[in-house]
Amino acid sequence: MKDINIVIEMCGSAGEGTISAGEILSRFMSAQGYEIMSFDSYPAEIRGFGKCVAHTRISSDPIYSPGKLADVLIALNDNHSISQLSALKNQGILIYDSQPARPHEEDKSVLGWVDPGIITYGIPLTMLAHRAAGSARGRNMVALGAIAAIFHMDKAGFTQSIEDRYSKKKKIVIDSNVNSFLEGFEWATKHIEKIDSFSFEGVTMPLQDEKLIINGNQLVARAALDANLKFYAGYPITPATKIMEILSKELPRHGGILLQTEDEIAAIGAVVGAGFGGIRAMTATSGPGFALMTEFTGLSVMAEVPAVIINSQRGGPSTGIPTKTEQSDFNAALSGGTGDCPRVVLAPTDTYSCYQAIVLALYLAEKYQTLVVVLLDFFLSNSIRNIDTPEKPSESLLNANIAPQPEELENYQRYKITETGISPRTIPGTPGGIFFSTGLEHDEYGRPNYSDKGHLKMTEKRFKKHGAVLSEAPAPQISEFDGETADIGVISWGSSAGAAREAVMLARKEGISAASFSSMMLSPFPEKELIGFSDKCKKLLVPELNFGGQFANFATHIIKRPLERLNFITGRPMASEDILEKMREM
Amino acid sequence: METIKSDYLDERLDQVRAKDFLKYRSGDLPTWCPGCGYFGIMDALYKACRELELKHEDICTISGIGCSGRTPIFINSYGFHTLHGRSIPVATGLKLAREDLTVFAVAGDGDALGIGGGHLPHVARKNIDITFLLFDNSIYGLTKGQSSSTTPHEMKTNSHPAGNPDTPLNPIKLALAYGASFVARGYAGDPEGMKTIIKQGIQHKGFSFIQILTPCVTFDKTNRTWKNLKENVYNLNLHTQADNMETAMRAAENEPFGVGLFFQDKDRLSYQDILRGLNR
């Protein structure tokens, strides 16, 4: 059966419709039954003519990473596209404007910079846009029409997707976009002599239910609402702000409250307050905000009050690189703060598992009366996937608080030591259940107590929860082994896990014996499973998006043997190509 | 001897309990210094709760860190001793989550105006329906006598032995400027007067700011002493025109020892009422 796997990038200047054209392409391809993963990059500044890139990977097979290099670069803006050529494959295809409004000086034309081997298709984008709709604004649609013709995409379906995208606009807007698309399609059909081999013709995708086209932030908000979130407090910060914006609209409709606070300390403070009140509450932030929230992590764990913090990691430290992706808050999430402070840390490994992670986070925080940190990153927050609509959480995941039995209220011990470390918890308003919580070390009644034995007992109690959490945590994802063992085992976490999994699949096709391991659960960590995995691998590799190898250091402590590292801080998501190259060298 | 002493105490406690005075008091004995003004504040708080017939389980007392931080331990209600300076955000989240509860936020002068000073403007302008009690003894007590945000200029303290170089904040002026809808001052030596103010604060729908003048008998021997307070404190009697911001500001500036209600805006909607209006 014929298949296809192609990465298309459109590069333009802010305001040229680059991002919306990418979105239409993604929606159209998803409707056609293909898997898509797209990731836009745009400047951190709001105004100006910064460089925008809409990166879309389309495949007839499952996708695990966005693809490092593009097969096709559509240059809406020559100047910006010159710097984007480095992300085009050696044998890639460049589509450029052959009749720009003003002729370029030689060194400003993208065509002047292409390496031999690149296939170039010149399309008079500006001229055709004028012909179709009387202005240059439709150049992005002309370009879509051209690639539809060149790569034999379904013209009628594509037209429909454009109509759908602008369905709420005036008819003239719909018509000019559709006409521009058709103009590009007709022109390319007539004039382009195809010398590449990409074609969607003959690729048949099975009919399926309409997929959800969604990014991580949107899915997080959806999951939180489905998981009975009733309170959100937050402070704007890239790349987490969108979660707050979606919830600001949706929470009131779901009987909840959204509070925009004066800073991140107040945000987590209010979340802890709401958690003390017995409702599900969370906040979302990024590095600088997480640093501020650290003071409350200890209180949540010590006073045993449910709280969920989402940290969508960006480039750090300090203000760092706000619009680039990185995985450098692993250490901060696992151990930020002071004292022996066991908390739960989850990191979804792909867009789909963002949903599962949030449902689980709110459940675990409530049941275990503790802090749960969910690590996303800029890439997971913003990259768009088409996924099956997730199943709503079951009732048992929605009501997790363990309340005391009536007889336990006779001499109520809020911090009673139990097998699991969970002490039955009353919520304010419960007659006879009055208690006092404190960040001071305390006895089983909650009264301040600084005795050495008491401190040890209560610390052990708080650590006990880890064992219980692990017993109901999702198992790590471990790939199949070719035989009993593998030459290379790739251990990964967070958004790098997809690229790692893909790299292992590609390596095995090349005859390299390899296997992969990733775990959504970072704290407590499934140590036994990791040791079991590493025992079956001759060499180990940890790819991650930070400089110091934070997770690699952590893993070394568990498996007690050296491992190879692959670290990038380029601001781009992990690429399977890079991992594969490293595996070949190993 | 020990037994006799404890028997005696138990007996006395039973007698007082029979009179219902200790209904809102918890079983734990306060750890404050003998003669501390906070005992008077607690007395007023217990009485206010009793007279309003609040159910114990519907009261939540949230505190920060410092001598005032221990307050929730000594009141028979749900209590949460949080972080230094953070009683306001925690109380805010709790009240928004549970509108049915009466929420007290308690803080000292270091707690509320120093480390937690950034939260005060926002709880005031949002008009969160909590009652905020500022235990203002103008010194850091629990860390043993350093200057706080309300320590007088040039007063000698353990952090400024040559005299405090800073100009003190005026808490009432701040609360008024931040837009608090209820601003009052009480005096730890006058539990009856304070009780009335706290009751008004609880009943006020919105953010109630109550500064309480209280001595630190251990670390302040010169400024806010019982003697000075007794000699200087008087009733403001602004009640008839408590909706007048100009009068309130003038009193805040000129009457540092005047106690009573400075300002109240009864018409202003609380945060939750505003949300209900906006989301209708």
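A brief report on the enclosed structure follows. Not measured: the values here are computed from a predicted model.

**Some words on the nonpolar core**
Then comes step 1: Counting residues in each nonpolar core, the largest one holds 95 residues, and the members touching the most others are L522 of chain A together with F132, F209 and F262 of chain B.
Then comes step 2: Sorting elements by how many residues they give to this core places helix α9 (residues 264-276) of chain A first, with eight residues.
Then comes step 3: If sequence neighbours within four positions are ignored, L522 of chain A has contacts with F330, L334, V345, A347, L375, W493, F551 and F554 of chain A.
Then comes step 4: In terms of nonpolar packing, the next biggest core, distinct from the first, is built from 49 residues, L247, V344, Y363 and A365 of chain A among them.

**Describing the pairing of strand β1 (residues 5-13) of chain A**
Residue and element names in this part refer to chain A.
Then comes step 1: The element β1 is extensively covered by neighbouring structure, given that eight of its nine residues are classed as buried.
Then comes step 2: Bridging between β1 and strand β3 (residues 51-59) involves nine bridges; their strand directions are antiparallel. Looking at β3, one finds that S13 is bridged to K51.
Then comes step 3: Pairing analysis gives four bridges linking β1 to strand β4 (residues 70-75), with the strands arranged parallel. Directly across from E9, in β4, lies its bridge partner L73.

**Details of the sheet that holds β4 of chain A**
Within a sheet, neighbouring strands are paired by backbone hydrogen bonds and run either parallel or antiparallel to one another.
All names here are of chain A.
Then comes step 1: Spatially, β6-β5-β4-β1-β3-β2-β15-β7 is the arrangement adopted by the eight strands of the open sheet, whose pairing is mixed. Looking at the sheet topology across the chains shown, the edges are occupied by β6 (119-123) and β7 (212-215). For this sheet, the mean inter-axis angle between neighbouring strands, taken without regard to orientation, is 20°.
Then comes step 2: In terms of strand pairing, β7 meets strand β15 (residues 384-387) through four bridges, oriented antiparallel. Paired with L212 across the strands is I387, a residue of β15.
Then comes step 3: The sheet strands contacting helix α4 (residues 139-150) are β1, β4, β5 (88-97) and β6, and the helix crosses β1 at an angle near 160°.
Then comes step 4: Running at roughly 105° to β7, helix α7 (residues 216-226) makes contact with β7 and β15 of the sheet.

**Concerning the sheet that holds strand β1 (residues 59-63) of chain B**
Then comes step 1: Strand order in this open sheet of nine strands is β16(A)-β2(B)-β1(B)-β3(B)-β4(B)-β6(B)-β5(B)-β8(B)-β7(B), and the pairing throughout is mixed. Edge strands, defined here as strands with exactly one partner in the open sheet, are β16 (436-438) of chain A together with β7 (234-235) of chain B.
Then comes step 2: Both β1 of chain B and strand β2 (residues 78-81) of chain B contribute to a ladder of four bridges, which runs parallel. Its bridge partner being in β2 of chain B, T61 of chain B is matched across the sheet by G79 of chain B.
Then comes step 3: Together, β3 (102-108), β4 (131-136), β5 (182-187), β6 (208-213) and β8 (258-264) of chain B form the strand contacts of helix α7 (residues 191-203) of chain B, whose direction differs from that of β5 of chain B by roughly 160°.

**Regarding the state of the cysteines**
Residue and element names in this part refer to chain B.
Then comes step 1: All told, the structure shown has zero disulfides over all chains when counted by the stated rule.
Then comes step 2: Just so you know, C33 is unpaired, no disulfide at all, and the nearest cysteine sulfur is the one on C36, 6.4 Å from it.
Then comes step 3: Overall, C33 belongs to the partly exposed group, its relative accessible area being 35%.

**Some remarks on unusual backbone geometry**
Then comes step 1: Omega for the bond connecting G316 of chain A with P317 of chain A falls within 30 degrees of zero, at 0°, which places this linkage in the cis form.
Then comes step 2: The residue P317 of chain A is located in the loop between β11 (307-315) and β12 (321-325) in this model.
Then comes step 3: Note that the residue after S523 of chain A, namely P524 of chain A, is joined by a cis bond; omega there is -5°.
Then comes step 4: Residue position: P524 of chain A is located in the loop between β20 (521-523) and α17 (527-535).
Then comes step 5: Phi at N228 of chain A is positive, roughly 75°, even though this residue is not glycine.
Then comes step 6: Inspection of the secondary structure puts N228 of chain A in the loop between α7 and β8 (231-234).
Then comes step 7: The backbone phi angle of E154 of chain B is positive, close to 75°, even though this residue is not glycine.
Then comes step 8: Along the chain, E154 of chain B turns up in the loop between β4 and α6 (171-178).
Then comes step 9: Note on E154 of chain B: relative accessible area 58%, which makes it exposed.

Parameters and conventions
Residues numbered from 1 in each chain as written. Chains lettered and ligands numbered in written order. Predicted model: local features only at pLDDT ≥ 70, side-chain atom pairs only at ≥ 80, totals over all residues. Heavy atoms only, no water. Core = buried A, V, L, I, M, F, W, Y, C linked by side-chain atoms within 4.5 Å. Buried < 20%, exposed > 50% of the residue type's maximum accessible area, 1.4 Å probe, protein only. Helix = DSSP H or I, 4+ residues; strand = E, 2+ residues; numbered from the N terminus. Contact = heavy atoms within 4.5 Å. Pairing = 2+ DSSP bridges. Axes fitted to C-alpha atoms, helices over the stretch in contact; angles between N-to-C directions. Disulfide = S-S within 2.5 Å.

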